[in-house]
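# Observations on the three-dimensional arrangement
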Amino acid sequence: MKRLVFVIFFINYFVAPVYSQEVDAQEALNRAIEAMGSDFINSVTYSGAGFSSRIGQQYSVTTPWPGYAVNDYTRSIDYNSLWAREDYIRSQGDYPSFGRPPMPEERIVTMTYGEYAWNENEDGPVPLLRDYLDGIPYNELRQLEIAITPHGFLKAAQNATDLTAISLPIVGASDFGLSQFGRHVTILSFTFMDKYKINGTIDDRDLVELVGTWIPNPFYGDMDYEMRYTRYEEIDGVMFPMQFHTHQADPRLNTSHNYYEYNLTDVTINPELMITEVPQEIVNAEKPPVTVISNEIGEGVWFLTGGTHNSLLVEFRDYLAVVDAPNNEERSLAVLAEARRLVPGKEVQYVVNTHHHFDHAGGLRTYLSQGTTIVTHDTNKEYYLDILFHPAPRTLNPDRMAQYNPMYWISRRPAPIETVEGESRGTAKYVITDGEKILEIYRVQDMYYELGDRSLRYGHHSEDMLMAYLPQEGILFNADLYTPPRDNDAMKPSISMINLNENIKKLRISPRVHAPSHGNLGSHSQFLEIIGE
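Keep in mind the model is a prediction, meaning the values are calculated, not measured.

Reading the values: rules and limits
Along each chain, residue indices are assigned from 1 in the same order as the chain's sequence is written. Two thresholds apply to this predicted model, a pLDDT of at least 70 for residue-level local features and 80 or more for giving and counting side-chain atom pairs, whereas whole-chain, interface and lining totals are computed over all residues. Computation of side-chain values covers all heavy atoms of the structure but excludes hydrogens and water. All axes are obtained by fitting lines to C-alpha atoms, using only the stretch in contact for helices, and the reported angles, taken between N-to-C directions, cover 0 to 180 degrees. Secondary structure elements are taken from DSSP: a helix is a run of H or I of four residues or more, a strand is a run of E of two residues or more, and numbering for both begins at the N terminus. A crossing counts as left-handed when the near helix is turned anticlockwise from the far one by less than a right angle, and as right-handed when that turn is clockwise. The contact rule is simple, with two residues in contact once any of their heavy atoms fall within 4.5 Å. Here the term charged refers only to Asp, Glu, Lys and Arg, the term nonpolar to Ala, Val, Leu, Ile, Met, Phe, Trp, Tyr, Cys and Pro, and the term polar to all other amino acids, Gly among them. The cut-offs for exposure are 20% and 50% of the maximum accessible area for each residue type, with area from a 1.4 Å probe on protein chains only; residues under the lower value are buried, those over the upper are exposed, and the others partly exposed. Here the arc refers to the directions that run from the helix axis out to each C-beta atom. Whether two strands pair comes down to DSSP finding at least two bridges between them. By convention, a stacked pair of Phe, Tyr or Trp rings (six-membered ring in the case of Trp) has centres within 6.5 Å and planes under 30 degrees apart, an edge-to-face pair has planes over 60 apart, and any other such pair is tilted. pLDDT is defined as a per-residue confidence score from the predictor, taking values between 0 and 100.

## Regarding the packing of helix α2 (residues 25-36) against helix α4 (residues 150-159)
Direction vectors running N to C along α2 and α4 enclose 145 degrees, while the axes themselves pass 11 Å from each other. Crossing geometry of α2 relative to α4 is assigned as left-handed. Of α4, the residues touching α2 (which contributes Leu-29, Ala-32, Ile-33 and Met-36) are Pro-150, His-151, Leu-154, Ala-157 and Gln-158. Looking at the contact of α2 with α4 residue by residue, the class counts come to 7 nonpolar, 2 polar and no charged.

Laid out in structure tokens, this is it:
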């Protein structure tokens, strides 16, 4: 019996295949460098076309990021100096606009040089003073984006001090061009810029097929950023993928994840690049502090501006309510501080979320961490609980909930989320009141269904769109549907404006003032004049 046990142990330990094991990381890296020809590439220029997407701007929580066409795409990289230039033309193409004005044809030029990042247009350099998706500074993002290119990954791995590797088979199926059905891969892992973990998957030909990392994002926390490289060709002794397919966000959590896909038509190895100095205005550019400017537009009602997005503060007898929590925690903390200054002794008991887009929901966690009730559309509740309010650690940019209240859901249940119901062809109302002051929350209807006017399709911008109305003051807060023009500038009515007007008429409300999520206040008479009523 003992001999049988020993034989079984011997077979399992010494003979059975090993499905995952640590391997010599340096040896695996050297094989990939040799197979890819990375020692022979110091710079590259590649061109092609494809599509890209508006991350965090999907029409509903069950649809993909909305796409747009990318043509005449060219990217040049100098790996040694971390210099890069992108040049492309973007347009709406054949992709649905979901009620937005179609994206006009526009040339985009992005620049990176070491720790500096900027854009360029016909007027010259353009500083990037707002973080990408309100989460990661552009200079860090673009250095990281060089490091997750195939050859950039291998060169960054050479400089890493914490390089590790494992080998394992991919037993099941994978997407096109990736290892599957038992083919072995090696995964190299290291830390870049002392902050960002990068994992690269090397196939059994020693070619880089996947590179993934995480970036800080107010909505997702540590958000997946994955590059997929397929259709390799040998060009001047260097292996280079002719298709780039990219994900941002996690398809395990939501269908929205495809970022861009470019199919290359031309690759030049070691081109002579004209690398110029960083413009002085970029060197001197500083990110402005978060500022909240309050303007009392009714008794106990303040319009909060000072940034890219606006909010509304409403005072009730014993508490406060805020409409919209945009951007990120930094903005929410500034709004809360201004609320305490304006109305000492009263807390924000309600925060109204107009819709699920990243830039309008990125500040919600700050309110939730202190127990503020969140009012949102019914379709958002599970989406927010699964992603935005998920208690997973946020390691790259931890917020209050992650740092100080990670056990929130254990001690405070259920989540203080109240919902407004109603689908695209219906309306619903939620009311916040103390018996005197009234704040009405309406579901913005897609009036195409009711009026049969196809031109109004998706005119509510987002399937879950809400608007806030103070009937006594005649103040209407909308998000992304109407921004009053400045100084009587000429303005053509948009689909969203016409759809908003049809909602106003159907609900029989009588706004006098429009308080938008972007821009300045405007009168309803001006609004009616623009749409021709």
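Once the structure has been displayed, the description carries forward.
## Things to note about helix α9 (residues 381-388)
Looking at α9, one finds that the buried residues are Tyr-383, Tyr-384, Ile-387 and Leu-388. The buried residues of α9 occupy an angular sector of 95 degrees when the element is viewed end-on, so they sit on one face. Residues of α9 that are buried in the fold lie against α7 (358-361), α8 (364-369) and β20 (373-377).

## Let's talk about unusual backbone geometry
A positive phi is found at Asp-206, a non-glycine position, where the angle reads about 65 degrees. On the secondary structure map, Asp-206 appears in the loop between β10 (196-202) and β11 (208-217). Owing to a relative accessible area of 18%, Asp-206 belongs among the buried residues under this scheme. Notably, Asn-327 is not glycine yet its phi reads approximately 65 degrees, a positive angle. Relative to the elements of secondary structure, Asn-327 occurs in the loop between β18 (320-323) and α6 (329-342).

## Digging into the environment of Pro-511
Structurally, Pro-511 can be placed in the loop between α13 (495-507) and β26 (513-516). Take Pro-511: its relative accessible area is 5%, and that puts it in the buried class. Spatially, the C-alpha atoms of Pro-511 and Ala-28 are 67 Å apart, while their sequence positions differ by 483 residues. Setting aside anything within four residues of it in sequence, one finds Pro-511 in contact with Tyr-469, Gly-474, Leu-476, Ile-504 and His-524.

## A short note on the pairing of strand β5 (residues 106-113)
With 8 bridges connecting them, strand β4 (residues 83-91) and β5 associate as antiparallel partners. Along β5, the bridge assignment pairs Asp-87 with Val-109. Following β5, the chain reverses through 2 residues before pairing antiparallel with strand β6 (residues 116-121); Gly-114 in that reversal takes a positive phi of roughly 60 degrees.

## Regarding the packing of aromatic side chains
In this structure the tally under the stated criterion is 27 aromatic pairs. Between the aromatic rings of Phe-219 and Phe-358, the centroid separation amounts to 4.8 Å while the plane-to-plane angle is 20 degrees, which identifies the pairing as stacked. You can see Phe-219 sitting in the loop between β11 and β12 (221-235) and its partner Phe-358 sitting in helix α7, a full 139 residues away along the chain. A relative accessible area of 6% means that Phe-358 is categorised as buried.

## Thoughts on the confidence of the model for the chain
Looking at the chain as a whole, the pLDDT averages 93, with 94% of positions reaching at least 70. Note that pLDDT drops below 50 for residues 1-18; the model gives that stretch 3 contacts with residues more than four away or on any other chain.

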